[in-house]
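One-letter residues, chain by chain:
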Amino acid sequence: MTVDTMKQIETEKMVINFGPSHPATHGTLRIILELDGEKVLKATPEIGYLHSGFEKLGEHLDYNQYITITDRMNYLSPLCNNVAYALSAEKLMDIEVPKRAQYIRVLMCELSRIADHLLAVGMQAVDLGAMTVFLYGFRLREDIYDLFEMATGTRLTTSYTRVGGLMRDLPEGFDKAVLQLLPNVVNVVDDIETLLNKNRIWHQRTKGVGVITKEDAISYGISGPQARASGIDWDIREKEPYSRYDDFDFDVIIGLNGDVFDRYLVRMEEIRQSIKICYQTLDKMPEGEVNIDADSGYILPPMDEVYNSIEGLIYHFENIMPNRGMEPPIGEAYVPTESPNGELGFYIVSDGTRTPYRVRTRPPSLINYSIFSKIIEGHMIADVVAILGSLNIIAGELDR
Amino acid sequence: MDRREIKSNFLTTTVESAVNWARKNSLWPMPFGTACCGVELMAVLAARSDIARFGAEAIRFSPRQSDLLIVAGRITIKMMPVLQRIYQQMPEPKWVISMGACASSGGVFDTYSVIQGIDQFIPVDIYIPGCPPRPEGILDGLIKLQKLIEKEKFSDYSLPNSS
Amino acid sequence: MFLQNLITKVTEQFSDSILDTTEFRGETVLHIKGECVLEVLEVLKSEGFHFLADLTAVDNLEMGGFERYSVVYHLLNHGNGERLVVKAYVPENNPNLPSVESLWKTADWQEREVYDLFGITFDGHPNLIRIMNPDDFKGHPLRKDYPRIGKGERKDFPIVERNIGTKIGRSES
Ligand code: SF4
């Protein structure tokens, strides 16, 4: 068709509704697309389909109870949420947890990061038609679930941290299990990269698609791998180290183009760095307690004391009773952490009672998603799923 | 054909049980995974648990092509109308699994925006407890549903209204 | 040092709109009046705090403060890694303050969220509509006087029965 005839064809704008129950929207995203043929003229994301009142709930649960709620926020990497919340609460109460607990937290966070990135890449690949990557990734994810189950007792909703330490120490043989798993991770990452890195279809679907420029990334508040793929050298683990991340040696992965392909590459490379950190934590893992002293009033006494001594029992009840409980100082605290999706932090305001006055989550998914309508403009409708997959939007965290 | 040959070449059954047998072993689920339970639902589809062993691997994201609605995750006040719409779009016969504490009862989210149990507003056949249920639990729920389907009678269904 | 100098500078420039400066656990908080937030943040942005990490609000009904609501801005300086919290106070009647969407695009959705959950309005926002709750939702749930279990919104749905060939009870097994 020549350009002249193209002009004569009257095309009408078409409006279609994408989601909220659509396989590529991972559950609960809804986008209203204005199309000209297959070209997207305008996209209006509509969110809130999973708004479950997390922040309201936070005002009614005490500091340790709320940890169970944080699991359900970003359910691809619940341990990162647990750690982020515990860190904020500890900053508020001015607690320094023992070194061993901090190292275990780092180890758990990095394992979660591996699992999260694997699933993110896998889901993105499924949406673009590459089922194998998802199956490979998920098989490994199951192995990581096994590790979590070993340490925390559950697969997904881990609730592993406590204000002032951890729920319990690592079980016997955990380090061996991790050491056994890590070479597998390398294999799977290699497999996935063999499948995708030189795959022509993958290149055509992802290169130059959904480019986020550096300026946009800053203006839209983008963080995490999505920002690093656009060339922003900002990794909170390195720049504002928390939980002793400065003891470990790893590289910050930066992309150049900021397109879907770069975001994929950054994620894969970050998995490799996480493996490196995991080895180091196991190497350097100190001995000792994982909880602060029970005298501080912030932590429950050990179980055998509760069962066998009257002081322990009283102490336990003092801590959990609705009209007693821990008494944090009045104030507010915010600790930024590097979750697999970007900057995650809990802004806790305390009025001195056993429940926080206000708990706000800085949700990386929400903030990273807001750029979507800008970067999709002018692309084909098929690119919608590619970009959505690469932003890795987790509805639980998006809507809270 | 002598008698013995006939016996070994024929199977007698009722139409009802034959139909039920066919229905129960080829459930086509429509996964309505909204939150964390959706991730475990994904795990059931993936390699280790492999729901295909129970004939329910033909995931259809279109309600019109499926007969089993698996509601996995919290349903909020904004989502409920969507869920009801999807339920109404599914052709009969259809079954509903409410997976996880949130879908069944609201779970830990006793807040202004979470529906405290979807069974208040749509019919539910099987509840799977857990937060989230393990993949084994989901498979168990599926098997329970299959047993339920096995026992269904045609007379349970009235004829479609002629109006 | 950088932060100290900047705060002194801003306090001098906007002496009548800065209410207080506090520090707790190493976090500096700048308390300002709501109406001048755009000017103050513009200065802070040009001085290096070019990244708006988070925007939220707190209802001070029970805890007390300068005013009923405070809108909280978490700023980050990528250059030296400093963070600064700015709290802008708005009164109970007609809570309203200028939008910072013109400075940071990320404020678009987050201000909508604050509007939805707290009922604080932002002047100059391009599209101030509800984001989390349905459009016909009444009230603002994160206000302290809104009950946690809501006002019956979660009960307010039609009951759907099976549509074709109504099932008349399953036979007992
Ligand atoms: S039941 Fe538990 S795991 Fe399932 S959606 Fe609810 S909170 Fe998440």
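Scroll up for the structure.
Anyway, here's the lowdown on the structure attached to this text.

A short note on the overall build of chain A
A count of helices and strands for chain A gives 18 helices and eight strands. In terms of overall dimensions, chain A has a C-alpha envelope of 90 × 45 × 35 Å along the principal axes. Across the 400 residues that make up chain A, the buried fraction comes to 63%. In chain A, the share of contacts with a sequence separation of at least 24, taken over all contacts with a separation of at least 6, comes to 68%. Approximately 14400 Å² of chain A is accessible, and the part contributed by carbon and sulfur atoms is 52%.

A word on the site of the ligand
Around the ligand, a shell composed of 13 residues is seen, among which C36, C37, A101, C102 and C131 of chain B lie nearest. Surrounding the ligand is a set of residues that belongs to chains A and B. The set of elements that each furnish at least two residues to the shell around the ligand consists of α3 (36–45) and α5 (100–105) of chain B. Element by element, the count of residues in the shell around the ligand is highest for α5 of chain B, at three residues. Class assignment for the residues of the shell around the ligand results in eight nonpolar, three polar and two charged.

Describing the packing of helix α7 (residues 174–196) of chain A against helix α12 (residues 260–284) of chain A
Residue and element names in this part refer to chain A. Orientation of α7 relative to α12, taken along the N-to-C sense of each, is 165°, at an axis distance of 11 Å. When the axis of α7 is compared with that of α12, the two are roughly antiparallel. The handedness of the crossing between α7 and α12 is left-handed. Contacts between α7 and α12 involve D175, V178, L179, L182, P183, V185, V186, V189, D190, I192, E193 and L196 from the first element and Y264, M268, I271, R272, I275, C278, Y279 and L282 from the second. For the contact of α7 with α12, the class distribution of residues is 16 nonpolar, no polar and four charged.

Some thoughts on the pairing of strand β3 (residues 95–99) of chain B
Residues and elements named next belong to chain B. Counting buried residues along β3, five of its five residues qualify, which places the element largely inside the surrounding structure. Judged by which residues are buried, β3 turns out to be covered on both faces: W95, I97 and M99 on one side and V96 and S98 on the other are all buried. When strand β2 (residues 68–72) meets β3, the two strands line up parallel, connected through five bridges. Within the sheet, the bridge partner assigned to A72 lies in β3 and is M99. Between the parallel pair β2 and β3, the chain is carried across by helix α4 (residues 80–89), and the sense of this crossover is right-handed.

Details of the side chain of D62 of chain A
Residue and element names in this part refer to chain A. Within the element layout of this structure, D62 appears in the loop between α2 (54–58) and α3 (65–71). Using a relative accessible area of 12% as the deciding quantity, one classes D62 as buried. Apart from residues lying up to four places away in sequence, D62 is in contact with R354, T355 and P356.

Description of the interface of chain B and chain A
In this complex, chain B contributes 30 residues to the contact, which on the side of chain A involves 38 residues. Approximately 2900 Å² of surface area, both sides summed, lies buried where chain B meets chain A, with 65% of it carried by carbon and sulfur atoms. A salt bridge links R48 of chain B to D143 of chain A; the nearest nitrogen and oxygen atoms lie 3.0 Å apart. One can count 14 residue pairs in polar contact (both at pLDDT 80 or more) joining chain B with chain A. Elements represented by at least two residues in the side of chain B that touches chain A include exactly β1 (29–33), α3 and α4 of chain B.

A look at a negative patch on the surface
Taken together, the side chains of E289, D293, D295, D304, E305 and E311 of chain A present a region of like negative charge at the surface. A relative accessible area of 57% places D293 of chain A in the exposed class.

Some words on the interface of chain C and chain A
Between chain C and chain A, the residue contacts involve 45 residues of the former and 46 residues of the latter. Roughly 3800 Å² is buried in total at the junction of chain C and chain A, and carbon and sulfur atoms are behind 58% of that figure. Three residues stand out in chain C for area buried against chain A, namely R25, W109 and M132 of chain C, and they jointly supply 19% of the buried area on that side. Here chain C and chain A share nine salt bridges between them. For R83 of chain C, the salt bridge is made with E240 of chain A, and the minimal N-O distance between the two is 2.8 Å.

Quick look at helix α6 (residues 135–150) of chain B
Residue and element names in this part refer to chain B. Here α6 contains 16 residues, and its C-alpha end-to-end distance of 23 Å stays within 8% of the 22 Å for a straight helix at 1.5 Å per residue. Residues of α6 that are buried include every one of P135, I138, L139, G141, L142, L145, Q146 and I149, and no others. Along α6, the residues classed as buried sweep out an arc of 155° about the axis, all on the same side. Buried positions along α6 lie against α2 (15–25), α3, β2, β3 and β4 (126–128).

The rules behind each value
Residues numbered from 1 in each chain as written. Chains lettered and ligands numbered in written order. Predicted model: local features only at pLDDT ≥ 70, side-chain atom pairs only at ≥ 80, totals over all residues. Heavy atoms only, no water. Helix = DSSP H or I, 4+ residues; strand = E, 2+ residues; numbered from the N terminus. Buried < 20%, exposed > 50% of the residue type's maximum accessible area, 1.4 Å probe, protein only. Contact = heavy atoms within 4.5 Å. Areas by Shrake-Rupley, 256 points an atom, 1.4 Å probe, with all protein chains shown as cover. Near = heavy atom within 4 Å. Nonpolar A, V, L, I, M, F, W, Y, C, P; charged D, E, K, R; others polar. Axes fitted to C-alpha atoms, helices over the stretch in contact; angles between N-to-C directions. Parallel < 35°, antiparallel > 145°, perpendicular 65-115°, else oblique. Left-handed = near helix turned anticlockwise from the far one by under 90°. Pairing = 2+ DSSP bridges. Right-handed = clockwise from strand over helix to strand, strands pointing away. Buried area = accessible area lost by both parts, 1.4 Å probe. Salt bridge = Lys/Arg side-chain N within 4 Å of Asp/Glu carboxyl O. Polar contact = N/O pair within 3.5 Å; in protein donor to acceptor, adjacent residues only side chain to side chain. Patch = residues over 30% accessible without salt bridge, like charges linked within 9 Å, V, L, I, M, F, W, Y side chains within 5 Å. Lys, Arg positive; Asp, Glu negative; His and termini not counted. Charge placed at Lys NZ, Arg CZ, Asp CG, Glu CD. Expected span 1.5 Å × (residues − 1). Arc of directions from axis to C-beta.

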